[in-house]
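Each chain, written out:
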Amino acid sequence: MRVTIFFLFILVFIPVFLAAQDQPSFNPAEPFHKYSRQMDAYYEQVGKKAPGYKQWKRLQWYQETRLDANGKVPAMANLKQQAIEQISMRTQQLRTTQNDLFMASWNFLGPTAVTSSDDGIGRVNRITFHPTIANTFFVAAAGGGLWKTTNAGSNWTCLTDGLPNINTSGMALNYNNTNIMYLLTGDADASSSGAMGCCQFGQYSSGVLKTYDGGNTWSTTGLINTISNPWVGYNIKMHPTNPDILFVTSSSGIYRTVNGGATWSVVLNAFTYDLEFKPGNPSVVYASGRQDIFRSTDGGVNWASVYTLPGSMNGRTELAVTALDANYLYAVCGPAGNNSFRGLVRSTDGGDNFTVRTNIPNILGRDQFGLDADDQSSYDLTITVAPANKENIVVGGIYLWQSVNGGNTFSRIPPSSSYHADIHDIKYHPLAPHLLYHCSDGGVYLLNTLTAMWSDLNTGLQVTQYYKISTAQTNNHQLTGGTQDNGTHKMNLISPVYNRILGGDGMDNGISPSNSNFIYGSLQNGVFFKSINNGSSFFNILDDNDHDNENLSPAWVTPLALHPTDNNTVFIGTAPVIKLYEEAGVRLITKLALSGRSVLTVAPSNADKIYAASRITVSENSVIYKTWRSDNGGVSATEILSTYSSTPITGLAVNPDNANEIFACFGGFDADNKVLKSNDGGANWTDYTGSLPNVPVNCIVYYDTNGSPDDAIYIGTDIGVFYRDNSLGDWIPYNMGLPVVEVTDLEIQYSSGVLRAGTYGRGIWQTPLFSTTCTPSYVFSANSHNPSTPYFYQAGTSITSTAQLSGAGANVQYRAGGRVILQPGFYASTLTDAKFSATVGSCLSGGVPPGYLLPTYNGLKGNLVQ
């Protein structure tokens, strides 16, 4: 049975006409929304299954809440670094002026492992190997920074927790001094997606960083990105015999340094993806562009095109060389078409001549036989040659394909349960050539070519990108989260393993406040599912057919709000908002008089009080965000707030005891109006921005303290978490132990007294809620303290621990009023730079003992020094 009830709703139609063959180009001097409208119109013409749609919608979602006061894309890393320095000074000031202030103590909740067919945990872009130690290598994550393993992937350490930009596209390691490393920032694979790689913006590179101490601190080099000439970088390559010479391939050309990064020059003014040195003769260098393969014969100073790539369409091309024959050069070229791709070409004479080996079947698509037209080559494309056979090559696109005859024919390497799709990098281990590694949307995977056995190396790799998370109130161990690339996760904190309960890109989700067996999850563009058995199975409650039949407009991340008392009723933030009731196969959809594509919330104390917000296009260059309130369950609505693109509304929090008291938070790099408060349902607003730094605020949650203190609020920003209440009168940084990362969602678990944060690149974290009193006691087990993360715990009575502290950079301090008990099994080692101290004494005002805040941000490894 299905009943549809129609209430007045808001529908905005914007007539935009764009020929399907036209490809919009981004101009940073113009407002982002002008380009955004053109891109949306383009995909209306070519369809959502066209190449790059998914990557474009991700970038649109990300960028539209991170614009400057003029609605343009800013130099985000610079602004975030300024904010980091500002709150570091604020923290130091609070330690000396604020009595009885107790800082956060964040610890990582996960995932460190995911139970799914491919064990995918998060997107990794590149891999780099230590020149002499086989078990040591590095991976560059899309949104999670640079990671190092010293035991072949069994454990990982993050080297970039304090950086303002932890989007990474590669690194280069000085083979004469491995404490010196270079890091290419930005997420080029995501940024160059869209129609034939037309929209290279988004996760800009902020340049190349350099470390002299193995990643403890980083410094800028002479290659710094500017917003007037923004670019994305694909690869950074070091000269094989002179480590002071490096190259970066980018959307604005090839950059070259001959003095270890002090200065750089553009040596080829053309969009370039990949670069390879001729084996045995590094004076010869090859580079790939959209239309040409280039060659330099003087060490990369001068370049010339030696081959025009086949086909009339521009696309990404990746290169591979082999030491078995220095004259061999392979190139795999996208994009793809019906049953074919642009081509696999080869030179056997050092680039003088090239031949197309094959362009069939479509090895860049999804079909196991290559008989489709799918293509993501601007997003994921890579190639390598086997160390023992110059005719044996492996190509990565959506899946892995292998040729044993120099690219003449290909067969697919089945993914089955072996690896995650969408391959960004493939490399054979230079010290163990039978081991083939690849980086994908799921993480890092290894194929032992001698045994044909696959394994994933993702355990402990904390790089999951969460859009939204939820926590159960009736089960303090249960939480869910929607991730980019890796579906929707469910975790029971009794076990360290997360389970993937829905596939695709996981979006907003919810757990019933009164019964944790009721779980809701969603996919991109407003497709929703429901489980009544704690996530063991799901059934669809809203899909594309419903959108068409009901004339609903969903967003990429469509908001979900649960009914406060009815497990079977939810509100979904389409335009218009719908109230959806489902029980035992009976579904009723009611359209409401609000539009909620940006934000949607229902007052916990009154389900008839609904607040919602949507982006509304005003002109070609600008949009506004309108917010409405309904007092009668959505029958009618009143507009209560309107803001421009520089301050997009990103969250609403309602006082659980007063449905008319609301807080609103805003994105954008505009210093004004980060947080507003209304006591009368939005009729009047008071600015609560206070001392907040100028970074986007992404989420907000109201902590129900029964008025003591009143108006206790947490917000998640692009650089961490902040807290305020009326007794404090202003915001305090609440970040101790939390990496510098975009916090996209916050949830409070009341019975445990903890705050949980979903981040876009570093998984889920947890901290005790703000308090001015000491926790009576703590008990810690062997794995309570994560390596590379500082912790300070103080208890009024006792701390008991069997923790094992051996990770590089671990910094743990205990302080208890009565006793600290280190039981058998406790272990602390300084051999890996771990630090530990224990003190018997009363709780400290100021929160942390002197010396705990290291010169780095939050005491974390990998900060940016000036």
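Every chain begins its residue count from 1, and numbering advances along the sequence as written. Totals for whole chains, interfaces and linings use every residue, but because this is a predicted model, local features are given only for residues with pLDDT of at least 70 and side-chain atom pairs only at 80 or more, for both listing and counting. Side-chain measures here rest on the full set of heavy atoms in the structure, leaving out hydrogens and waters.

A.B. asks: I keep staring at the overall build of the protein chain and nothing clicks. Help me out?
C.D. replies: Counting its regular elements, the protein chain contains 5 helices and 66 strands. As defined in this context, the radius of gyration uses C-alpha atoms, and a globule is described by 2.2 Å times the residue total to the power 0.38. In terms of overall size, the protein chain behaves like a compact globule, its C-alpha atoms giving a radius of gyration of 27 Å where 866 residues would be expected to give roughly 29 Å. The principal-axis extents of the C-alpha atoms in the protein chain amount to approximately 75 × 65 × 50 Å. Each residue is assigned to one of three classes by its accessible area relative to the maximum for its type, calculated with a 1.4 Å probe on protein chains only: buried under 20%, partly exposed between the two thresholds, exposed over 50%. Looking at the protein chain as a whole, 63% of its 866 residues are labelled buried. The contacts in the protein chain between residues at least 6 apart in sequence include a share of 52% that link residues at least 24 apart. Elements are defined by DSSP. Helices are runs of H or I of four residues or more, strands are runs of E of two residues or more, and each kind is numbered from the N terminus. In this analysis, two residues are considered to be in contact whenever any of their non-hydrogen atoms come within 4.5 Å of each other.

A.B. asks: When you look at the packing of aromatic side chains in this model, what are you seeing that I'm missing?
C.D. replies: Aromatic ring pairs are described here by two measures, namely the spacing of the ring centres and the angle between the planes. Aromatic contacts are taken between Phe, Tyr and Trp rings whose centres are within 6.5 Å, Trp giving its six-membered ring; a plane angle under 30 degrees counts as stacked, one over 60 as edge-to-face, and the others as tilted. Under the defined criterion, the tally for this structure stands at 37 aromatic pairs. Measuring from ring centre to ring centre gives 6.0 Å for Y703 and Y750, while their planes differ by 35°; the resulting arrangement is tilted. Taken together, the positions of Y703 in strand 52 (residues 697-703) and Y750 in the loop between strand 56 (743-749) and strand 57 (754-759) put the pair 47 residues apart, joining distant regions of the chain. Residue classification places Y703 among the buried positions, given a relative accessible area of 17%. When the ring of F780 is compared with that of Y814, the centres are 5.5 Å apart and the planes differ by 10°; the resulting orientation is stacked. Linking F780 in strand 59 (residues 775-780) with Y814 in strand 62 (residues 811-816), this pair joins segments that are 34 residues apart in sequence. The exposure class of Y814 is buried, given its relative accessible area of 1%. Of the aromatic side chains, those joined through ring pairs into one cluster are Y703, Y714, Y723, Y734, Y750 and F770. We call a charge positioned above a ring when the Lys NZ or Arg CZ atom is no farther than 6 Å from the ring centre and deviates by at most 35 degrees from the ring normal. Seen from the ring of Y62, R66 lies directly overhead, with NZ or CZ sitting 4.1 Å from the centre.

A.B. asks: Can you help me understand the sheet that holds strand 14 (residues 253-257) in this one?
C.D. replies: Hydrogen bonding along the main chain pairs the strands of a sheet, whether they run parallel or antiparallel. In this analysis, strands are considered paired if DSSP registers two or more bridges between them. If you trace the 4 strands from one edge of the open sheet to the other, you get 12-13-14-15, paired in antiparallel fashion. Every interior strand has two partners, whereas the edge strands, strand 12 (233-238) and strand 15 (265-268), have only one. Going from strand to strand, the sheet's axes swing by 30° on average, the running direction of each strand aside. In this sheet, strand 13 (residues 246-250) lies alongside strand 12 in antiparallel orientation, the contact comprising 5 bridges. Its bridge partner lying in strand 13, I236 is registered against V248. Comment: axis = line fitted to C-alpha atoms, over the contacting stretch for helices; angle = value between 0 and 180 degrees taken between N-to-C directions.

A.B. asks: Would you take a moment to explain the sheet that holds strand 24 (residues 382-385) for this structure?
C.D. replies: Within the open sheet, the 4 strands sit side by side as 24-25-26-27. Their pairing is antiparallel. Unpaired on one side and paired on the other, strand 24 and strand 27 (411-413) mark the two borders of the sheet. Pairs of neighbouring strands in the sheet enclose a mean axial angle of 25°, with direction left out of account. The sheet contact formed by strand 25 (residues 393-396) and strand 26 (residues 400-403) spans 4 bridges and is antiparallel. In the strand pairing of strand 26, I393 is matched with S403.

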